[in-house]
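Tertiary structure, described
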Amino acid sequence: MGKTILVLGGGVGGLVAARELRSRLGREHRIILADRTGQHVFWPSLLWVMTGDRAPSAIVRDLDPLARRGIEVRRAEVAAIDPARRAVRLDGAEVVADYLVLALGADLAMDAVPGLGQAAHEFYSVAGAERLAAALREFRDGRIVLVVPSLPYKCPGAPCEAALLLESHFRRRRVDAEVTMYTPEPMPLPVIGGPVSEAVLAVLRGRGIAYHAEQTLARVEAEARQLVFADGRTAPYDLLVAIPPLRPPGVVREAGLLGEKGWIPADRVTLATRHPGVYAVGDTVGIMLAHGKPLPKAGVFAKRQAVTVAANIAAEINGLGGRTAFDGWGACFLETGDGRAGYGSGNFYAEPAPEVRLRPPSRWWHWGKVAWEKYWLWKWL
Ligand SMILES: Cc1cc2nc3c(=O)[nH]c(=O)nc-3n(C[C@H](O)[C@H](O)[C@H](O)COP(=O)(O)OP(=O)(O)OC[C@H]3O[C@@H](n4cnc5c(N)ncnc54)[C@H](O)[C@@H]3O)c2cc1C
C-alpha cells in the first residue's frame, strides 16, 4: 500500500529530504512538501546580496516545478502538528501521514534584545539583506558595528565573513569605514576551538577589524546610537548589523516537541524523534557534541541529515535492510572578501572534540563557493 510522507519546510533540509525520498520511492508513495513561502533560498549567498554582488532573483527559486518530479508542493502555513498522530494542519485542513519530516528551521528573533529590531540591520532574510545593501550604498564614513546578540545563530562562520566582506567592500569603494565586532563568544568558531579560531582572528586583525569577545548585549539605544552591554559598558555605532537571535518555530513549540535545551531532541545518528515515524532535521534540532557544545546550525548538516532520514525511511518502506547514519561531517566556505575564501572541513562528531581543518583564504575557495551556489540550485531544483 502506498505511504504518505509529509515534509515540513522547503529550505535546505526539507528540499533535500523530499528530493531524496522521491528518488528512492515508487510513485505509489506520496511525497508532500509544505512551505509557507513556496520558495527556496540559497541562504549563503545573502552575504553577496548584502554587498550588492547578487540580485535576490539569482538565489531564490519557486518550489512549484518540483511537481514535475512527482513531489506535491503545498504553499501553506503549517499551523499545528500532532506528532503522536503524525497529523498536520495545513491551510485549514488536516493531513495525516505515515512519516513526518520536520525541517522548519529556526525563526529570526530580532525582538529578543530590547531596541535591536528597531536599530539594527540584518542579512539573514532576503528583505533584510536588500535593505542592508541599500544602507551600505548610502554609507559614507564612520563606524560599522557587527554584533552577535545571543547564541545560537545560523552558520558559525557568517559573522566573521560579514565583517571581512564589509571591510573589503568599503576599502574598494574608498569609504573610510571602521568595522568592529562584538560577540558573547570567547573566540570566533568556539565549537571548533583554538588553532582555527586563532587563524580567523589573525585574518580579522590583519584587516584592521577589532574583535571584542565575551560581550553580552543587554540593549540597543537607537537614539544615542549605542550598544549597552550586560556589564554596563557601551559602544557607539553609525551603522549597526546584527546576527539575528533565533527561536524555534512557534508551531514546533506548541506541538510539545522541544527538549530541555530549547530545540527538538533527535537521535544524533538517525534524527528520529521520540515519536515513531517522526524525524527532525536541520536548524530546528538540538544535538550536543562530545565537548558539551551544540552542533552548529548549518546547511551542510541539514542536508546530510536529510539524506540520512530519506534513505532510512525509504529503506523501511521498501523493506530493505541496512541503515544510513548521519556522521557529523561538515564543510564550509569562509568568504574573506577581495575574491577570496577559506575552507573548513572535518568531523564534528569526533571525540573528545571536533576535528576540523581550515584551508587558508585563496581565490580557489572563493570560486568553489560560487560553483557550489550554481550546483546547488541546479541539482536540487
Ligand atoms: C546569511 C546566511 C549564510 C549562511 N551560510 C551558510 C554556509 O555557508 N554554510 C552552511 O552550511 N550554512 C549556512 N547557513 C545556514 C543554513 O542556511 C541553515 O543552517 C539551513 O538553511 C538550515 O536548513 P533548515 O532546512 O533547517 O531550515 P531553512 O533552510 O531555514 O528552511 C526552513 C523552511 O521552513 C519554512 N517554514 C518555517 N516555518 C513554517 C511554517 N510554520 N509553515 C510553513 N513553512 C514554514 C521556511 O519558509 C523555510 O523555507 C547560512 C545562513 C544564512 C542566513
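Residues numbered from 1 in each chain as written. Predicted model: local features only at pLDDT ≥ 70, side-chain atom pairs only at ≥ 80, totals over all residues. Heavy atoms only, no water.

Let us now look at the overall build of the protein chain. A count of helices and strands for the protein chain gives nine helices and 24 strands. Here the C-alpha atoms of the protein chain give a radius of gyration of 21 Å, agreeing with the 21 Å that 2.2 N^0.38 yields for 381 residues. With the principal axes as the frame, the protein chain shows a C-alpha extent of 65 × 40 × 40 Å. Put simply, the protein chain has 381 residues, and 55% of those count as buried. For the protein chain, contacts bridging at least 24 residues in sequence account for 64% of all contacts bridging at least 6. When the accessible area of the protein chain is evaluated, it comes to approximately 16,300 Å², of which 51% is carbon and sulfur surface. Across the protein chain, 47 positive and 40 negative side-chain charges occur, with their mean positions spaced 5 Å apart. (Helix = DSSP H or I, 4+ residues; strand = E, 2+ residues; numbered from the N terminus. Rg over C-alpha atoms; globule rule 2.2 N^0.38 Å. Buried < 20%, exposed > 50% of the residue type's maximum accessible area, 1.4 Å probe, protein only. Contact = heavy atoms within 4.5 Å. Areas by Shrake-Rupley, 256 points an atom, 1.4 Å probe, with all protein chains shown as cover. Lys, Arg positive; Asp, Glu negative; His and termini not counted. Charge placed at Lys NZ, Arg CZ, Asp CG, Glu CD.)

For the pair helix α5 (residues 158-172) and helix α6 (residues 194-206), the least separation of the axes is 10 Å and the interaxial angle reads 20°. Between α5 and α6, the angle falls in the class roughly parallel. At the point where α5 passes α6, the crossing takes the left-handed sense. Counting all contacts with α5, which are made through C160, A163 and L164, the residues of α6 involved are V200, V203 and L204. Residues that form the contact of α5 with α6 fall into these classes: six nonpolar, no polar and no charged. (Axes fitted to C-alpha atoms, helices over the stretch in contact; angles between N-to-C directions. Parallel < 35°, antiparallel > 145°, perpendicular 65-115°, else oblique. Left-handed = near helix turned anticlockwise from the far one by under 90°. Nonpolar A, V, L, I, M, F, W, Y, C, P; charged D, E, K, R; others polar.)

Bringing the sheet that holds strand β23 (residues 340-347) into the picture now. If you trace the three strands from one edge of the open sheet to the other, you get β22-β23-β24, paired in antiparallel fashion. Looking at strand neighbours, the two that pair on one side only are β22 (329-337) and β24 (355-362), the edges of this open sheet. Within the sheet, the average angular offset between the axes of one strand and its neighbour, ignoring direction, is 15°. By the bridge criterion, eight bridges tie β22 to β23 in an arrangement that is antiparallel. Paired with G337 across the strands is R340, a residue of β23. (Pairing = 2+ DSSP bridges.)

With that out of the way, let us pick up the site of the ligand. In the neighbourhood of the ligand, 31 residues make up the surrounding shell, with G13, D35, V78, D283 and G299 lying closest. The contact in question runs from an oxygen atom of the ligand to an N or O atom on the backbone of V12, over 3.1 Å. Out of a free accessible area of 990 Å², the ligand has 96% covered by protein chains. Those elements giving two or more residues to the shell around the ligand turn out to be α1 (12-24) and α8 (299-317). Broken down by element, the residue count for the shell around the ligand peaks at three residues, all from α8. Residues of the shell around the ligand, tallied by class, amount to 17 nonpolar, eight polar and six charged. Both of domain 1 (4-106 + 248-317) and domain 2 (109-245) provide at least three residues apiece to the shell around the ligand. (Near = heavy atom within 4 Å. Polar contact = N/O pair within 3.5 Å; in protein donor to acceptor, adjacent residues only side chain to side chain. Domains from an automatic or database assignment.)

Turning next to the side chain of T4. Mapped onto the secondary structure, T4 falls in strand β1 (residues 4-8). Its relative accessible area of 12% is what places T4 among the buried residues. Sequence-distant contacts of T4, defined by excluding residues within four places in its chain, comprise R30, I32, V96, A97, D98 and Y99.

Strand order in this open sheet of five strands is β5-β2-β1-β9-β20, and the pairing throughout is parallel. Edge positions in the sheet fall to β5 (72-75) and β20 (278-280), since each of these pairs with one other strand and no more. Strand-to-strand twist in this sheet, taken as the mean axis angle between neighbours without regard to direction, amounts to 15°. Of the strand pairs in this sheet, strand β9 (residues 99-102) and β20 are connected by three bridges, and their pairing is parallel. Across the sheet, V101 pairs through a bridge with Y279, a residue of β20. Across the sheet, α8 lies against β1, β9 and β20, angled at about 180° from β9, the strand it touches most.

As a further point, take the domain arrangement of the protein chain. Once the domains are mapped, the protein chain shows domain 1 (4-106 + 248-317) and domain 2 (109-245). For domain 1 versus domain 2, the separation of C-alpha centres amounts to 29 Å. The interface of domain 1 with domain 2 comprises 19 residues on the first partner and 22 residues on the second. Taking both partners together, domain 1 and domain 2 bury about 1,600 Å²; carbon and sulfur atoms supply 75% of that area. The largest contributions to the domain 1 side of the interface with domain 2 come from L46, L47 and M50, which together make up 38% of the buried area. On inspection of domain 1 and its partner domain 2, the count reaches one salt bridge. (Buried area = accessible area lost by both parts, 1.4 Å probe. Salt bridge = Lys/Arg side-chain N within 4 Å of Asp/Glu carboxyl O.)

For strand β11 (residues 142-147), the buried fraction is high: six of the six residues fall into the buried class. Pairing analysis gives six bridges linking β11 to strand β12 (residues 177-182), with the strands arranged parallel. Note on β12: the bridge partner recorded for V145 is T180. In the classification by handedness, the crossover that spans β11, the intervening α5 and the parallel β12 is right-handed. Relative to strand β17 (residues 239-242), β11 runs parallel, the two sharing four bridges. Paired with V145 across the two strands is L240, which belongs to β17. (Right-handed = clockwise from strand over helix to strand, strands pointing away.)

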